[in-house]
Amino acid sequence: MVAAAYFLLLPNSFPHFISCNANQIDNLNRLLKSRRSSNPPWDESWSLTELDDDSNNRHYSPVYVGPQDGLMEADKIDALPGQPKGVDFNQYAGYVNVDPKTGKSLFYHFVESPQNSSTKPLVLWLNGGPGCSSIGNGALEELGPFRVNSDGKTLFRNEYARNNVANVIFLESLVGTGFSYSNNSTDYSNNGDKSTAEDSYTFLVNWLERFPQYKTRDFFVSGESYAGHFVPQLAYTILAKNKNTNQTVINIQGIALSIGNAWIDDSAGYKGMYDYFWTHALNSDETIAGINKHCNFTNHDQSSTCIQYLEQVTEEAGNLDIYNIYAPLCKSSAPKSPSSTGSVKDFDPCSDKYVNSYLNLVEVQTALHAKSTNWSACRPLKWSDSPTTVLPTIQQLIASGISVWIYSGDIDARIPVTSSRYSINVLNLLVETAWRPWYSSGEVGGYVVGYKGMTFITVRGSGHMVPTNQPERALTMISSFLQGKLPR
């Protein structure tokens, strides 16, 4: 995609970069910029004690559960338009109502595993933004069973799809995102971290009533980018609400924090970003020295001198894809007739254009059981609450015995590997397995270090969207995660 994206340097400074997924950058930048507005998102850290305090049960009353009889069968997809021959797995799509008063309904696409689906775990996938589609981005550009050909009308198979090793739910986790909607306009202006966690939990409880065969299945949550907030917050909510004996207990086993790097701490995110630019020869010694001397990322007030150095970052780096600094840029403005069927091994920087065309086809929306929608990969949303760090929440999950993996593509400059490492270092965790390489098909797939309660993994040669850039390595990594062992 060649449309301009404004890359965040500061909540009040938005220089110009190119991105294959410009809107995802725009949405994160818009949220972080709002921290300096007259009406900033509520910065409230999630409690460190609620999970251990039985007296808090009164805060977690059972959520709404609507009638689900017959809906699983109604949601089954006969076939997606343009899908290849030989599809050997079941897929479903539709809406789950999470608030009967307003008609708030979240859209999902569920793909079962082709082999042994009855014994494979259940994985939820969440894209970030906030406000970006898990169907368009996650399912059709990254880890789903299909990708869209360059004609914007037909699909080809992803042989490294996540449903090779799990049954996967792709969830549009907030109203106004993708196909999710509400009948009450107020819901569109009340999105935030807390409502997203609450609604996603309500979705899961209802979805498990619709698909009761998955109630006892091992359950994992994964996501990317701003889902560095969504994933731990949802896991936290599940653990808290599992205390209710009269509500469906979700068998949560682990969380995988982000594919392309998780935005989990503002201060570490900023510092890691600028250090990455310098260490990858995108910025001068003078610029990084000026940033280190004059900028303080623990708050959102920066001096004019700091801003001057931050502006130099863009000028020096030039036009590049901030999600993958070595990727080519999209030179096409519209889908085109393919000369051959696509391959997941061939990175196409214009793939988001093909997805946009495909998901706006009437026949596709009908097959997905979606409302008629002017579909967009990301939408600008008003955001009501967002803590500047979710490290306390992650710390509490670790203490509760949840497996936490944070993984990073090593050529993403937007939320780079350095940001992840700086965030993890704040927790001061004990190293249990020393830093070492891991392998995929006989080559170094990346590097891994095991901490007490957390694993950090890099994926070599991948940008922000790991399965897009390195599909085989991504599958190797997630397979190890689901098996509860470090990749070898």
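Keep in mind that this is a model prediction, so the values were computed, not measured.

### Examining the overall build of the protein chain
Helix and strand counts for the protein chain stand at 14 helices and 14 strands. Here the protein chain holds 488 residues, and 61% of them are scored as buried. Counting contacts in the protein chain only where the partners sit at least 6 residues apart, residues at least 24 apart contribute 73% of the total. Of the accessible surface of the protein chain, which amounts to about 18200 Å², a share of 48% is contributed by carbon and sulfur atoms.

### Details of the pairing of strand 14 (residues 454-459)
Burial analysis of strand 14 places 6 of its 6 residues in the buried class, the great majority of the element. Note: strand 13 (residues 443-451) against strand 14, 4 bridges, orientation antiparallel. Opposite Tyr451, over in strand 14, you have Met454 as the bridge partner.

### Some remarks on the state of the cysteines
Covalent bonding between the sulfur atoms of two cysteines defines a disulfide. A full pass over the atoms with the stated rule returns 3 disulfides. Between the sulfur atoms of Cys330 and its disulfide partner Cys350 the distance amounts to 2.0 Å. Because the sign of the S-S torsion sets the handedness, a value of about 110° for the bond joining Cys330 and Cys350 places this disulfide among the right-handed ones. Here the residue Cys330 occupies a position in the loop between helix 8 (304-317) and helix 9 (351-359), and Cys350 occupies one in the loop between helix 8 and helix 9, the gap between them amounting to 20 residues. Of the residues examined, Cys330 reaches a relative accessible area of 0% and is grouped as buried. Sequence-ordered numbering of the bonded cysteines in the protein chain gives a pairing of 1-6, 2-3, 4-5.

### Things to note about the nonpolar core
Counting residues in hydrophobic clusters, the biggest one holds 81 residues, and the most contacted among them are Tyr108, Phe203 and Trp207. Counting residues per element, this core draws most heavily on helix 5 (residues 227-241), which supplies 8 residues. Residue contacts for Phe203: discarding those within four places in its chain leaves Val96, Val98, Leu106, Tyr108, Ile169 and Leu171. Among the nonpolar cores identified, the runner-up in size contains 49 residues, and Val148, Leu359, Ala367 and Leu475 belong to it.

### Re the side chain of Arg436
Here Arg436 is to be found in strand 12 (residues 431-440). The buried charged residue Arg436 lacks any salt bridge, with Glu432 as its nearest oppositely charged partner at 12 Å. Setting aside residues up to four positions removed in sequence, Arg436 forms contacts with Gly446, Tyr447, Val448, Leu486, Pro487 and Arg488.

### Details of helix 5
With 15 residues, helix 5 extends 20 Å from end C-alpha to end C-alpha; this agrees with the ideal 21 Å at 1.5 Å per step. Within helix 5, 15 of the 15 residues are buried, leaving the element largely enclosed by the surrounding structure.

### Quick look at helix 11 (residues 391-399)
Side chains three or four residues apart in an α-helix point the same way, a direct result of the helix having 3.6 residues per turn. For helix 11, the tally of buried residues reaches 7 of 9 residues, placing the bulk of the element in the interior. Within the sequence span of helix 11, burial applies to Leu391, Pro392, Thr393, Ile394, Gln396, Leu397 and Ile398. Gly401 lies just past helix 11 and shows a positive phi near 90°.

### Remarks on the packing of helix 3 (residues 134-143) against helix 9
The interhelical angle for the contact between helix 3 and helix 9, taken along N-to-C directions, is 115°, at an axis separation of 10 Å. In terms of their interaxial angle, helix 3 and helix 9 are classed as roughly perpendicular. Seen from above, helix 3 lies across helix 9 with right-handed handedness. Residues Gly136, Leu140 and Glu141 of helix 3 form the contact with helix 9, whose participating residues are Ser351, Asp352, Val355, Tyr358 and Leu359. For the contact of helix 3 with helix 9, the residue count by class is 4 nonpolar, 2 polar and 2 charged.

### Let's talk about the pattern of salt bridges
Tallying each qualifying case throughout the model produces 7 salt bridges. Between Lys104 and Asp199 there is a salt bridge; the shortest N-O distance is 2.8 Å. Of this pair, Lys104 sits in strand 4 (residues 104-111) while Asp199 sits in helix 4 (residues 193-210), and the two are 95 residues apart along the sequence. Of the two residues examined, Lys104 and Asp199, each falls in the buried class. Across the pair Lys271 and Asp275 runs a salt bridge, and its minimum N-O distance is 3.1 Å. Of this pair, Lys271 and Asp275 both sit in helix 6 (residues 266-279), 4 residues apart, which is roughly one turn of the helix.

### Let's talk about the confidence of the model for the protein chain
When the pLDDT values of the protein chain are averaged, the result is 89; 88% of them are 70 or greater. Taken as a whole, residues 1-16 scores under 50 in pLDDT and shows 75 contacts with residues more than four places along the chain or in a different chain.

### As for the environment of Asn299
Within the secondary structure layout, Asn299 lies in the loop between helix 7 (285-294) and helix 8. Residue Asn299 is classed as partly exposed on the basis of its relative accessible area, which comes to 31%. Expressed as a C-alpha distance, the spacing of Asn299 and Thr388, which sit 89 residues apart in the sequence, is 9.7 Å.

### Some thoughts on a negative patch on the surface
Negative charge collects at one region of the surface, where Asp285, Glu286, Glu311, Glu315 and Glu316 lie side by side. Secondary-structure elements contributing two or more residues to the negative patch are helix 7 and helix 8. It is helix 8 that provides the largest number of residues to the negative patch, a total of 3 residues. Mapped onto the secondary structure, Glu286 falls in helix 7.

### Quick look at empty space enclosed by the protein
Overall, the coordinates contain 3 cavities of 30 Å³ or more when judged by the stated rule. Considered as a void within the structure, the second largest cavity measures approximately 70 Å³ in volume. Contributing to the lining of the second largest cavity are Leu80, His109, Ile135, Ala139, Leu140, Gly144, Pro145, Phe146, Tyr358, Leu359 and Leu368. Elements with a minimum of two residues in the lining of the second largest cavity: helix 3 and helix 9. The dominant element in the lining of the second largest cavity, judged by the number of residues it contributes, is helix 3, at 3 residues.

Calculation criteria
- Residues numbered from 1 in each chain as written.
- Predicted model: local features only at pLDDT ≥ 70, side-chain atom pairs only at ≥ 80, totals over all residues.
- Heavy atoms only, no water.
- Helix = DSSP H or I, 4+ residues; strand = E, 2+ residues; numbered from the N terminus.
- Buried < 20%, exposed > 50% of the residue type's maximum accessible area, 1.4 Å probe, protein only.
- Contact = heavy atoms within 4.5 Å.
- Areas by Shrake-Rupley, 256 points an atom, 1.4 Å probe, with all protein chains shown as cover.
- Pairing = 2+ DSSP bridges.
- Disulfide = S-S within 2.5 Å.
- Core = buried A, V, L, I, M, F, W, Y, C linked by side-chain atoms within 4.5 Å.
- Lys, Arg positive; Asp, Glu negative; His and termini not counted.
- Salt bridge = Lys/Arg side-chain N within 4 Å of Asp/Glu carboxyl O.
- Expected span 1.5 Å × (residues − 1).
- Axes fitted to C-alpha atoms, helices over the stretch in contact; angles between N-to-C directions.
- Parallel < 35°, antiparallel > 145°, perpendicular 65-115°, else oblique.
- Left-handed = near helix turned anticlockwise from the far one by under 90°.
- Nonpolar A, V, L, I, M, F, W, Y, C, P; charged D, E, K, R; others polar.
- pLDDT = per-residue confidence, 0-100.
- Patch = residues over 30% accessible without salt bridge, like charges linked within 9 Å, V, L, I, M, F, W, Y side chains within 5 Å.
- Charge placed at Lys NZ, Arg CZ, Asp CG, Glu CD.
- 1 Å grid on protein atoms, 1.4 Å probe; cavity = no way out; pocket = protein on both sides within 12 Å on 5 of 7 lines; lining within 4 Å.
- Points joined across faces, edges and corners; volume = space filled by probe spheres on them.

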